[in-house]
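Tertiary structure, described
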Amino acid sequence: MLKLFAIAKITKPSGFSGDVRVRPLVRHFDDYIQDKDLSLGFSEDLAQTVKLMKTTGLGKSKRFLFEGIGSREEAETIIGQTLFAVVSDNDPINLISPDLLGAAVVTSNGDYVGELVDMLSLPTNDVYVIENGKKEVLIPVVPEIITHIGVKEGVVTIEPMDGLLD
């Protein structure tokens, strides 16, 4: 099943030809804006399909031009809107879905670890912050540890490595 996943916010127009600047919301933003179908809107319900025409610049001065936006005035109408990538249920980006906040984290043996209360984006990988009342545990979001994501069920299953939960 396909769904929309927020990858960026449109922040401001840039120049006079309809280019805009964006604030990425996910670590792998560049992969998703180039390789996925995109939608744009103030919410998932109001989002409409959009096509990226070109990207110019580098780093923080990168500018994006979308089909149908040809002037600064048109660019100003999309400021504040969210850019969504169309992804499948098994896409790796779902590992950092904000819908997982509050999920129960359990081991593959069924032992309760705690509640997922936050996600951090660190230089090498994303990390889940798990609280269980006694302590806070940081769990790297890597396929070797995260074995199942149940967004609808509100459960994340992990395969803990030695020392991970100590």
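Residues numbered from 1 in each chain as written. Predicted model: local features only at pLDDT ≥ 70, side-chain atom pairs only at ≥ 80, totals over all residues. Heavy atoms only, no water.

**What about the overall build of the protein?**
A tally of regular secondary structure across the protein gives two helices and 13 strands. Dimensions of the protein along its principal axes, counting C-alpha atoms only, are 55 × 30 × 25 Å. Within the span of the protein, comprising 166 residues, buried residues form 40% of the whole. Sequence separation of at least 24 residues holds for 52% of the intrachain contacts in the protein that already meet a minimum separation of 6. For the protein, the accessible surface area stands at approximately 9600 Å², while carbon and sulfur atoms represent 51% of it. Separation of charge centres in the protein, based on 16 positive and 25 negative side chains, amounts to 9 Å. (Helix = DSSP H or I, 4+ residues; strand = E, 2+ residues; numbered from the N terminus. Buried < 20%, exposed > 50% of the residue type's maximum accessible area, 1.4 Å probe, protein only. Contact = heavy atoms within 4.5 Å. Areas by Shrake-Rupley, 256 points an atom, 1.4 Å probe, with all protein chains shown as cover. Lys, Arg positive; Asp, Glu negative; His and termini not counted. Charge placed at Lys NZ, Arg CZ, Asp CG, Glu CD.)

**Overview of the side chain of S97**
When you line up the elements, S97 lands in the loop between β7 (82-88) and β8 (104-107). Classification of S97 by relative accessible area gives buried; the value is 3%. Once you skip the residues sitting within four places of it in the chain, S97 turns out to touch F5 and M119.

**Some words on the nonpolar core**
In summary, soluble globular proteins display a tendency toward joint burial of nonpolar side chains. Judged by nonpolar contacts, the single largest core of 41 residues is most densely connected at I7, F66, Y128 and I139. Looking at this core element by element, the count peaks at four residues for strand β1 (residues 2-13). The contacts of F66, once residues within four sequence positions are left out, are I10, V20, L38, V50, K51, L52, M53 and L83. (Core = buried A, V, L, I, M, F, W, Y, C linked by side-chain atoms within 4.5 Å.)

**A few points about the pairing of β8**
Bridge analysis of β8 against strand β9 (residues 112-121) gives three bridges, and the strand direction is antiparallel. Within β9, the residue paired with A104 across the bridge is E115. As consecutive antiparallel partners, β8 and β9 are separated by four residues, and within that stretch G110 has a phi angle of approximately 95°, a positive value. As judged from the four bridges shared by β8 and strand β13 (residues 155-158), these two strands associate in the parallel manner. (Pairing = 2+ DSSP bridges.)

**Things to note about the sheet that holds strand β10 (residues 126-131)**
Spatially, six strands are ordered β11-β10-β9-β8-β13-β12 in an open sheet, and the strand pairing comes out mixed. The strands lining the two open edges of the sheet, one partner per strand, are β11 (136-140) and β12 (146-150). Each neighbouring strand pair of the sheet contributes to a mean axis angle of 35°, computed without reference to strand direction. (Axes fitted to C-alpha atoms, helices over the stretch in contact; angles between N-to-C directions.)

**Some words on the environment of V105**
By the element assignment, V105 lies in strand β8. In the structure, V105 is positioned 51 residues away from V156 in sequence and 4.7 Å away in space, judged by C-alpha atoms. In this structure V105 touches D111, Y112, V113, G114, L116, I130, I139, V156 and I158, once residues within four positions along its chain are discounted.

**Describing the pattern of salt bridges**
Side chains that differ in charge, positive against negative, can pair when their charged atoms come close. Enumeration according to the criterion identifies four salt bridges in this entry. Among the salt bridges present, the one from D19 reaches R63, with a minimum N-O distance of 2.9 Å. One end of the pair, D19, is in the loop between β1 and β2 (20-24); the other, R63, is in strand β6 (residues 63-66), with 44 residues separating them in the sequence. Overall, the relative accessible area of 2% leaves D19 in the buried class. Where E76 meets R72, a salt bridge forms, and the shortest distance between an N and an O atom there is 3.6 Å. Taken as a pair, E76 and R72 lie in helix α2 (residues 72-76) at a separation of four residues, close to a single helical turn. The exposure class assigned to R72 is partly exposed, which follows from its relative accessible area of 27%. (Salt bridge = Lys/Arg side-chain N within 4 Å of Asp/Glu carboxyl O.)

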